[in-house]
Amino acid sequence: MQDFKPYNDYLSMLITELTIAKHRQLIVVQGDATWCYAFANQLSLPNTYVFSSCHQLKNSVFPKHVHQILGQEFQHAIFDGFSGLYADKLAALAGTVKAGGVFILLLPNDPTWVDPALENVTSFGQTITHSFFNERLTTLLESQTHIFKQHITPTTYQTIHPHHALIDFSQQQACIEQIIKTAQGRAHRPLVISADRGRGKSAALGLAAAALKDKKILLCATQVKAVQTTFKHLAEQLNVPLQANCKQLANLSYSAPDNLLNEKPQCDLLFIDEAAAIPVPMLMQILHSYPRIVFASTMVGYEGNGRGYTLRFLHYLRSQFKSLKTINLDAPIRFAKHDPLEYAIRDLLLLDAQYNQVASSLPLQFEQVSKERLIRDELLLSQVMALLALAHYQTSVSDLRQLLDAPELHLFICRQAENLQAVCLVAIEGGLSQDIAEQVITGERRPQGHLMAQTLTQLTHDTQWLTGHSARVVRIAVAPESHQQGIGSALLDFCQQQLSTCDFFGASFGANASLVRFWKTNGFRLVKLGFNRDKATAEHAALVIKPLKTQSKAVTEQLKEEFKQDLSVQLFGHFNSLPWQLVDELLSGYSTIGCSSEMLNRADRLLNNDVTLFKLQPLLWQLIWHMPISLNLLDQDTKMILIRLVLQQIDVKSVIDEAHFTGKKEFDIRFKKAVHDWYAQFTLLNKSNR
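Parameters at a glance
- Residues numbered from 1 in each chain as written.
- Predicted model: local features only at pLDDT ≥ 70, side-chain atom pairs only at ≥ 80, totals over all residues.
- Heavy atoms only, no water.
- Helix = DSSP H or I, 4+ residues; strand = E, 2+ residues; numbered from the N terminus.
- Buried < 20%, exposed > 50% of the residue type's maximum accessible area, 1.4 Å probe, protein only.
- Contact = heavy atoms within 4.5 Å.
- Areas by Shrake-Rupley, 256 points an atom, 1.4 Å probe, with all protein chains shown as cover.
- Lys, Arg positive; Asp, Glu negative; His and termini not counted.
- Charge placed at Lys NZ, Arg CZ, Asp CG, Glu CD.
- Pairing = 2+ DSSP bridges.
- Axes fitted to C-alpha atoms, helices over the stretch in contact; angles between N-to-C directions.
- Polar contact = N/O pair within 3.5 Å; in protein donor to acceptor, adjacent residues only side chain to side chain.

Describing the overall build of the chain
Secondary structure assignment for the chain yields 26 helices and 22 strands. For the C-alpha atoms alone, the extent of the chain along its principal axes is close to 100 × 65 × 55 Å. For the chain, buried positions account for 53% of its 690 residues. Considering only residue pairs separated by 6 or more positions, the chain has 75% of its internal contacts joining residues 24 or more positions apart. Carbon together with sulfur atoms contributes 51% to the accessible area of the chain, which is approximately 31,400 Å² in total. Taking the average place of the 64 positive charges on the side chains of the chain and the average place of its 63 negative ones, the gap between the two points comes to 7 Å.

Here's the deal with the sheet that holds strand 7 (residues 191-195)
Two pairing modes exist for strands in a sheet, parallel and antiparallel, and in both the strands are linked by backbone hydrogen bonds. What the seven strands build is an open sheet, ordered 9-10-8-11-12-7-14; its pairing is mixed. The open sheet is flanked by strand 9 (248-249) and strand 14 (325-329), the only strands paired with a single partner. Sheet analysis places strand 8 (residues 217-220) next to strand 11 (residues 269-273), joined by four bridges and oriented parallel. Bridge assignment links Ile217 to a residue of strand 11, and that residue is Leu269. Against the sheet, helix 5 (residues 170-184) touches strand 7, strand 11, strand 12 (293-298) and strand 14, its axis set at about 160° to strand 14.

Let's talk about the side chain of Ser131
Secondary-structure assignment places Ser131 in the loop between strand 5 (102-107) and helix 4 (132-141). A distance of 3.1 Å separates polar atoms of two side chains, one belonging to Ser131 and the other to Arg401. For Ser131, the contacting residues outside a window of four places in its chain are Leu118, Arg401 and Asp405.

Focus on unusual backbone geometry
Positive phi, normally seen in glycine, also occurs at Lys22, with a value near 60°. Within the secondary structure, Lys22 is located in the loop between helix 1 (5-21) and strand 1 (25-30). Take Lys22: its relative accessible area is 31%, and that puts it in the partly exposed class. Despite not being glycine, Asn239 shows a phi value in the positive range, around 60°. Along the chain, Asn239 turns up in the loop between helix 7 (228-238) and strand 9. A relative accessible area of 69% places Asn239 in the exposed class.

These figures capture arrangement, not role.
The following block contains the structure:
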């Protein structure tokens, strides 16, 4: 029987030093499953969370979702890599370990080991023959100081030379003071708190609430579970018990984001925790309803990365509020600075990869980068992940694994010398059997992946989308300082040249006017607008495609025309809240249909007499859809009035409020002018088309 005493003695000395240093440590345990499980089962570590799907491990749990791990604290944790190296759960569990604790990672030493987590990475019909994510992880783990291997008994202890560490609360205290100033100072001076995980952001909200006993405070987050840390610290300050899933305590009450907008509950101060999880348009609406707001966001967290969100939202806030205050918390308070476990997890999963752009006048270079090259070039991999994080609202911890292991994903980059300028991730879809494609049409199957191909198959009831091959842009990102220079378009052109086996090129994205314009400019056609809003942006998902072969052009034009016909009616109902600028952009690419002489004569009769919305609305709707180009040369105010009133048919009061008109009288004047300005353009265009 294996003697584990030398390992336990080693752990005992390490934990003693970690407790003094207020640090945490990663321990790698490598061997076959039987030995690793025996090692874990004989440990007598108190308050230990054991992540595993194997019942051979004592007290094991295997949560399905990451949020089932977050928000808890344990003295120690064991992660069973044999059950699958799920990157998001690995990072989340590491974040629950308290100062003085160890995080034990059980791993096989067999290079042919098949990782169960790979099932979540592959699209249907794809096979992963080698995990580059695991290869990189294994290589990096070899440099870890504390590794226990099956046939190598530790003989000497490698001291970590601990010192009596002090946890620095000064940043958190300054944050609390600024929150109090926001509550007691002048209105419309929002405060934005940006912090890494474990920096006491949520705790600061609770401590500030305790100091503001005379203020009614609302605490907003997407889930009530996410705000329990804030309630916990308030309860401790008040010396009162805390109920599970607390929603109200003393002067602090929880409110969901939609409740803030629909019910508009009154308060003296509003906290929004994990603001990156709330759609930016909703945040903007909330801004106009509450004069004193504190936004708290995680920059580098175990759920993912909100850096892209934070930069974009801060840009908007700075443009609207000159007195905006910002605070960045980077000093940990759950453990001392320079924590070995935090450093290890960030390094392994590139959680805080930073993008650094260097000015260059050298020519642009385009290339496709293999997965093997990525794991051999850590700097390039880090830059790619950092640029993707900057360009996206919420980058998941699992994105790194997808990038390195998903066989259908191909990476294309643009660089100037060693300076990365843009990246484009493309997924190759399709290549499935006729039987599978037909089952997708009938709704019997929903094979993993192939998102665009499946959507188009169901839209057209044509199996060619799934039996043939197409390419979908998963994400495209251009360095912030290089926007509006044509780099994104040039990179798309390069990608297209590499897609000789594909019939179509496409993309799905949150629809706004500027993005729709970008894809249309690059030859893509909008063929679908999703009914549901994206959780991160509150935008509808747009699907655009571009034919890559001559025989594919006809079906693309057909889909474009079908979407136009549907949109003309859907704008009355489901899409009547679309921004008018987006509607304007959608219409700009549609061709002109000839109007009958009867319709034109009727227009002359009606428009040369008293102009009223009720009489003109149906006819105007028909004429605009016959000639969408007639909106092109109008000023923005005129476009807004016609699109909102005629094409989306929202009520007059809403238009008055949106346009900030003084009342019905000004509306009548502006509406009549808008109609006459439009009809002048329409008449000129109609004559030129004869």
